[in-house]
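# Survey of secondary and tertiary structure
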Number of protein chains: 2
Amino acid sequence: MENDELVQNMLLELRRGTLSIAVLSQLSMEEYGYSLLKALSEKGLEVDQSTLYPLLRRLESQGLLQSDWRVVDDARPRRYYVISAQGKTVLAKLKKEWSAMTETIQKMLS
Amino acid sequence: MENDELVQNMLLELRRGTLSIAVLSQLSMEEYGYSLLKALSEKGLEVDQSTLYPLLRRLESQGLLQSDWRVVDDARPRRYYVISAQGKTVLAKLKKEWSAMTETIQKMLS
């Protein structure tokens, strides 16, 4: 495999783990798929729709998000997602572990 | 799924992505499996043999590590791993991306 492809695959693996945390952290207020995508992008995290939408459904099926169809401003009906009470509990634990883990890795890399 | 199990699964996913970086970063000097395991543990990263050994073989098959059987101090022959030239190039790229990514997530979480 070429170096670049290798690095891309390893980064994908890395991103996959962090994406759930990022998504949970950005849904304290409700968003629909595309508005969330833009919010993540504005904060520097580029995600494909083909990655984000299945993740939203997975997080909802795990009880970490809840969703509702809404019509806002004459737009077509959209599914809005927001973090659930269980999601908040899980996010708090993930944050703690994430901080500990990044600190550990940071020490190894420096 | 119970919260704890959910969190554990999400953390596993998170760790899977970071473990390759951690391992590459710790193999500038050669180590055998168990000595690497201890080195990682001392730095705060607990890894199972059943996770680490397949990862070492995978990284070697990708050309990022090289290995040799050696006999040191009358011990039984052990396979020693060290980062390859290609591995160093890849690690440098991963470090850069890792820093950018953790900074992005950190901002979202704070």
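Notes on the structure follow. Keep in mind that this is a model prediction, so the values were computed, not measured.

### Examining the pairing of strand β3 (residues 78–83) of chain A
Residues and elements named next belong to chain A. Two strands pair when backbone bridges link them, and strand β1 (residues 31–32) and β3 are joined in this way by two bridges, in the antiparallel orientation. Looking at the pairing, Y32 lines up with Y80 of β3. As paired elements, strand β2 (residues 65–70) and β3 share six bridges and run antiparallel to each other. Bridged to L65 within β3 is I83.

### Description of the interface of chain A and chain B
Counting residues at the interface gives 43 residues for chain A and 43 residues for chain B. When the two sides are added together, the surface that chain A and chain B hide from each other amounts to roughly 4100 Å², 71% of it contributed by carbon and sulfur. Applying the counting rule to chain A against chain B returns four residue pairs in polar contact (both at pLDDT 80 or more). Where the side of chain A that touches chain B is concerned, the elements lending two or more residues are α1 (3–25), α3 (49–61) and α4 (85–109) of chain A. Here the element with the most residues in the side of chain A that touches chain B is α1(A); it accounts for 17 residues.

### Section: the sheet that holds strand β1 (residues 31–32) of chain B
One open sheet holds the three strands; their spatial order is β1-β3-β2 (chain B), and the pairing between them is antiparallel. The open sheet has two edge strands with one neighbour each: β1 and β2 (65–70) of chain B.

### Considering unusual backbone geometry
Residues and elements named next belong to chain A. Located in the positive-phi region is D73, a residue other than glycine, with phi close to 50°. With respect to the element layout, D73 can be found in the loop between β2 and β3. Here D73 falls in the exposed class, since its relative accessible area comes to 72%.

### Let's talk about the sheet that holds β3(A)
Pairing between sheet strands relies on hydrogen bonds along the backbone, with the strands arranged either parallel or antiparallel. Residue and element names in this part refer to chain A. The strand order β1-β3-β2 describes an open sheet built from three strands, whose pairing is antiparallel. The outermost strands of the open sheet, each flanked by one partner alone, are β1 and β2. Along the sheet face, α3 touches β2 and β3 and points at about 115° away from the line of β2.

### Brief notes about the packing of aromatic side chains
Residue and element names in this part refer to chain A. Scanning all chains against the criterion turns up two aromatic pairs over all chains. Ring geometry for Y32 versus Y80: centroids 5.3 Å apart, planes at 65°, classification edge-to-face. With Y32 in strand β1 and Y80 in strand β3, the pair connects residues that are 48 residues apart, well separated along the chain. For Y32, a relative accessible area of 17% corresponds to the buried category.

### Brief notes about the relation of the copies chain A and chain B
When chain A is fitted onto chain B, the two copies agree to an RMSD of 0.0 Å after a turn of 180° and an axial shift of 0.0 Å. Such a combination of turn and shift is consistent with a two-fold rotation axis. Of the residues that chain A buries at the interface, 100% are likewise interface residues in chain B, meaning the two copies contact each other through the same surface.

### So, the side chain of B:S25
As for its position among the elements, B:S25 is in helix α1 (residues 3–25). In contact with B:S25, other than residues within four places in its own chain, are A:M108, A:L109 and B:L91.

### What to know about the packing of α1(A) against α4(A)
Residues and elements named next belong to chain A. Packing of α1 against α4 leaves a shortest axis separation of 10 Å and a crossing angle of 130°. One finds that α1 runs oblique with respect to α4. α1 and α4 meet at a crossing whose hand is left-handed. Judged by residue contacts, T18, I21, L24 and S25 of α1 engage L91, L94 and W98 from α4. Of the residues that constitute the contact of α1 with α4, the class distribution is five nonpolar, two polar and no charged.

How each quantity is defined
Residues numbered from 1 in each chain as written. Chains lettered and ligands numbered in written order. Predicted model: local features only at pLDDT ≥ 70, side-chain atom pairs only at ≥ 80, totals over all residues. Heavy atoms only, no water. Pairing = 2+ DSSP bridges. Helix = DSSP H or I, 4+ residues; strand = E, 2+ residues; numbered from the N terminus. Contact = heavy atoms within 4.5 Å. Buried area = accessible area lost by both parts, 1.4 Å probe. Polar contact = N/O pair within 3.5 Å; in protein donor to acceptor, adjacent residues only side chain to side chain. Buried < 20%, exposed > 50% of the residue type's maximum accessible area, 1.4 Å probe, protein only. Axes fitted to C-alpha atoms, helices over the stretch in contact; angles between N-to-C directions. Phe/Tyr/Trp six-rings, centres within 6.5 Å; stacked < 30°, edge-to-face > 60°. Least-squares fit on C-alpha atoms with pLDDT ≥ 70 in both. Parallel < 35°, antiparallel > 145°, perpendicular 65-115°, else oblique. Left-handed = near helix turned anticlockwise from the far one by under 90°. Nonpolar A, V, L, I, M, F, W, Y, C, P; charged D, E, K, R; others polar.

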